[in-house]
Amino acid sequence: MGMNKNTVLGWATFIMVLMGLLLIGLGIFRYSDVSGWGFGAVGVGFLANAWVFNALKGRV
């Protein structure tokens, strides 16, 4: 019962979406100064990368 490439990409997408939302939440609620903008930008980058992983899921 091994994992194929699509399952690995699915889990990677899920984890990256979770981390992206966590980082955006940290930027909004925890750090209200300039560092919050950095956390938010990195969170958006994680979401963009997860979107690419999701698009690759059926093609690899």
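What you see is a predicted model; the values in this text were computed from it and never measured. (Residues numbered from 1 in each chain as written. Predicted model: local features only at pLDDT ≥ 70, side-chain atom pairs only at ≥ 80, totals over all residues. Heavy atoms only, no water.)

Observations concerning the environment of M3
Counted only if it meets this: Helix and strand definitions follow DSSP, with helices as H or I runs of at least four residues and strands as E runs of at least two, each counted in order from the N terminus. Whether a residue is buried, partly exposed or exposed follows from its accessible area with a 1.4 Å probe, protein chains only, as a fraction of its type maximum: under 20%, in between, or over 50%, in that order.
Of note, M3 is situated in the segment before α1 (5-30). By relative accessible area, which is 54% here, M3 ends up exposed. As for M3 and D33, which are separated by 30 residues in sequence, their C-alpha atoms are 42 Å apart.

Quick look at α1
Which entries qualify depends on this criterion: Here the expected length of a helix is defined as 1.5 Å per residue gap, with one fewer gap than residues. By definition in these notes, contact holds between two residues if any of their heavy atoms fall within 4.5 Å.
For α1, spanning 26 residues, the distance from its first C-alpha to its last is 36 Å, which sits close to the expected 38 Å at 1.5 Å a residue. Along α1, the residues classified as buried are L9, T13, M16, G20, L23 and G27. At its buried positions, α1 is contacted by α2 (34-56).

What to know about α2
Taking 1.5 Å of rise per residue, the 23 residues of α2 would be expected to cover 33 Å, and the 34 Å separating its terminal C-alpha atoms lies within 8% of that figure. Of all the residues in α2, the buried ones are G36, G40, G43 and A50.

Thoughts on the side chain of T13
Looking at the secondary structure, you find T13 in helix α1. Classification of T13 as buried rests on a relative accessible area of 10%. Those residues within four positions of T13 in sequence are excluded, and the remaining contacts are A50, F53 and N54.

Some words on the packing of α1 against α2
Using the following cut-off: Axis angles are defined between N-to-C directions and span 0 to 180 degrees, where every axis is a line fitted to C-alpha atoms and, for a helix, only to the segment in contact. Here roughly perpendicular refers to angles of 65 to 115 degrees, roughly parallel to angles under 35, roughly antiparallel to angles over 145, and oblique to all remaining angles. Each crossing gets its handedness from the near helix: less than a right angle anticlockwise from the far helix is left-handed, clockwise is right-handed. All amino acids are sorted into three groups, where Ala, Val, Leu, Ile, Met, Phe, Trp, Tyr, Cys and Pro are nonpolar, Asp, Glu, Lys and Arg are charged, and the leftover types, Gly among them, are polar.
One can describe the packing of α1 onto α2 by two numbers: an axis separation of 7 Å at closest approach and a directional angle of 165°. In terms of orientation, α1 lies roughly antiparallel with respect to α2. The chirality of how α1 crosses α2 is left-handed. Grouping the amino acids of the contact of α1 with α2 by side-chain chemistry returns 17 nonpolar, eight polar and no charged.

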